[in-house]
Amino acid sequence: MDTSNQNDFFVIKALEDGVNVIGLTRGTDTRFHHSEKLDKHEVMIAQFTEHTSAVKVRGRAVIQTRHGEISTN
Ligand code: TRP
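Read on for an overview of the structure. (Residues numbered from 1 in each chain as written. Predicted model: local features only at pLDDT ≥ 70, side-chain atom pairs only at ≥ 80, totals over all residues. Heavy atoms only, no water.)

Digging into the site of the ligand
Around the ligand, a shell composed of Gly23, His33, His34, Gln47, Thr49, His51, Thr52 and Val55 is seen. Side-chain polar atom of threonine 49 to an oxygen atom of the ligand: 2.4 Å apart, as the coordinates give it. Within the side chain of threonine 52, an N or O atom sits 2.6 Å from an oxygen atom of the ligand. With the chains in place, 72% of the 360 Å² that the ligand exposes on its own is no longer accessible. When contributions to the shell around the ligand are tallied by element, the ones reaching two or more residues are β3 (32-38) and β5 (52-58). (Near = heavy atom within 4 Å. Polar contact = N/O pair within 3.5 Å; in protein donor to acceptor, adjacent residues only side chain to side chain. Areas by Shrake-Rupley, 256 points an atom, 1.4 Å probe, with all protein chains shown as cover. Helix = DSSP H or I, 4+ residues; strand = E, 2+ residues; numbered from the N terminus.)

Shown next as structure tokens:
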């Protein structure tokens, strides 16, 4: 399996209290496996991994990836 995409780091910066960063499982079964709550000004640095292929962000945040920066609004 090509795992070169699994080491990418991304940064999530919370712009309000209670931002949720939810990790979804890699593979045929796509489900939530982890939820992290960030308060305003908190930053999370994470990777895509063998276990995590997608991430859902709920709440106001700025997300930086190698593909660019996006803010939820
Ligand atoms: N144990 C998870 C993993 O190795 C931890 C993790 C990595 C994670 N990236 C994440 C959790 C992104 C939530 C969101 O895959």
